[in-house]
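Report on the structure
So the chains spell out like this:
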Amino acid sequence: MKLPIYQVDAFADRVFAGNPAAVCPLDEWLSDETLQAIAAENNLSETAYFVRREDGVELRWFTPKVEVELCGHATLASAFVLYRRLGHDGPEVRFHTRRAGTLVVRPAPGDVFVLDLPARPPAPLDPPRALVAALGAEPSAVLAARDYLAVYDDPRTVRQLRPDLAAVAALDRFAVIVTAPGDDGADFVSRFFAPAKGVPEDPVTGSAHCTLTPYWSARLGKPKLRARQVSARGGELECELDGDRVRLAGRAVLYLEGEISIP
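So, a few notes on the structure that sits alongside this text. (Residues numbered from 1 in each chain as written. Predicted model: local features only at pLDDT ≥ 70, side-chain atom pairs only at ≥ 80, totals over all residues. Heavy atoms only, no water.)

What follows is about the environment of F50. Tracing the backbone through its elements, the reader meets F50 in strand 3 (residues 46-53). Overall, F50 belongs to the buried group, its relative accessible area being 1%. Separated by 154 residues in sequence, F50 and V204 have C-alpha atoms that sit 21 Å apart. Once you skip the residues sitting within four places of it in the chain, F50 turns out to touch V23, C24, P25, L26, W29, V57, E58, L59, S78, L82 and L86. (Helix = DSSP H or I, 4+ residues; strand = E, 2+ residues; numbered from the N terminus. Buried < 20%, exposed > 50% of the residue type's maximum accessible area, 1.4 Å probe, protein only. Contact = heavy atoms within 4.5 Å.)

See the structure below:
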């Protein structure tokens, strides 16, 4: 069996930046075991699979270890493949997902794509000692939605963190987001760690901004924000809170186009 595969750098305007995602268009769904095996072989933060249907596109995402319920950068990469490689020319793509509802992506001027995702506002909680120990630096506040959100006062602290990834993997949440007020024109900076799910540090994380956007929007008192994820590769996002939805805008660049051979 031969399957097409694309590798797209999402939330980036050049290759070797942003977050690489593999995208595999399918005519019909393969077994979950096959989908997971391909994702493990790709060894990227996420591999996205989609099947086109009359009312849109059914979309799923896998890390090297697990299927996830929401992934922003691989959704952007999938929209890029549909528009730039597969001839989709409609005003939007409606992605139907199994656990995140319908996600809409629209092209915008300047080779930008705008994602409409569910907001995940975090709630404050007492800092778990295991989290603080795993991060190696005391945050000024800890909140949580799907992921822990550790807030620091200085962006340099976020950049310099060297967390104990084995200890992070043992925590009781999906992942850990760390964040601080921004610098150099950004409203806030962040990093994202999900070692238990096969992603030690994610370069640019759309789903994390479903939590970061409502937090910083409330804290800064404005709905539109400029975000920077300060991983080694780095990435820029334009974020907007609109009720219970978050809109993320970013670019994408094709790195690889090829074919998978499966016995």
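Let us keep going from here.
Take the packing of aromatic side chains next. Applying the stated criterion to the full structure yields 6 aromatic pairs. Ring centres of Y49 and F62 lie 5.7 Å apart, and the angle between their planes is 80 degrees; this geometry places the pair in the edge-to-face category. Residue Y49 is located in strand 3, and its partner F62 is located in strand 4 (residues 56-62); the two are separated by 13 residues in the primary sequence. F62 matches Y49 in its accessibility class, with the two residues each being buried. Aromatic ring contacts, followed pair by pair, group F80, Y83 and F113 into a single cluster. (Phe/Tyr/Trp six-rings, centres within 6.5 Å; stacked < 30°, edge-to-face > 60°.)

Together, F16, Y255 and L256 make up an exposed nonpolar region whose accessible area comes to about 320 Å². Take Y255: its relative accessible area is 42%, and that puts it in the partly exposed class. (Patch = residues over 30% accessible without salt bridge, like charges linked within 9 Å, V, L, I, M, F, W, Y side chains within 5 Å. Areas by Shrake-Rupley, 256 points an atom, 1.4 Å probe, with all protein chains shown as cover. Salt bridge = Lys/Arg side-chain N within 4 Å of Asp/Glu carboxyl O.)

Another aspect to go through is empty space enclosed by the protein. All chains considered together, the criterion is met by 3 cavities of 30 Å³ or more. The calculated volume of the largest cavity comes to roughly 110 Å³. Forming the walls of the largest cavity are 16 residues, and the residues nearest its centre are E46, F192, D202, T205 and S207. Its residues placed into classes, the lining of the largest cavity shows 7 nonpolar, 6 polar and 3 charged. Of the volumes computed, that of the second largest cavity is approximately 50 Å³. For the second largest cavity, the full set of lining residues is L59, R60, W61, E67, V68, E69, T97, R98 and R99. At the level of secondary structure, the elements contributing two or more residues to the lining of the second largest cavity comprise strand 4 and strand 5 (67-68). In terms of residues, the lining of the second largest cavity owes the most to one element, strand 4, which gives 3 residues. Residues belonging to the lining of the second largest cavity are distributed by class as follows: 3 nonpolar, 1 polar and 5 charged. (1 Å grid on protein atoms, 1.4 Å probe; cavity = no way out; pocket = protein on both sides within 12 Å on 5 of 7 lines; lining within 4 Å. Points joined across faces, edges and corners; volume = space filled by probe spheres on them. Nonpolar A, V, L, I, M, F, W, Y, C, P; charged D, E, K, R; others polar.)

Moving on to helix 2 (residues 72-84). Taking 1.5 Å as the rise per residue, helix 2 with 13 residues should run 18 Å; its terminal C-alpha atoms sit 18 Å apart, in good agreement. For helix 2, a buried count of 12 out of 13 residues is recorded, marking the element as mostly surrounded by other parts of the structure. G72, H73, A74, T75, L76, A77, S78, A79, F80, V81, L82 and Y83 are the residues of helix 2 that are buried. (Expected span 1.5 Å × (residues − 1).)

For the rest of this paragraph, the subject is the nonpolar core. By size, the foremost hydrophobic cluster in this structure holds 54 residues, and its most contacted members are W61 and F95. By residue number, the principal contributor to this core is helix 2, which donates 8 residues. With 18 residues, the next largest nonpolar core counts A134, L135, A144 and A180 among its residues. (Core = buried A, V, L, I, M, F, W, Y, C linked by side-chain atoms within 4.5 Å.)

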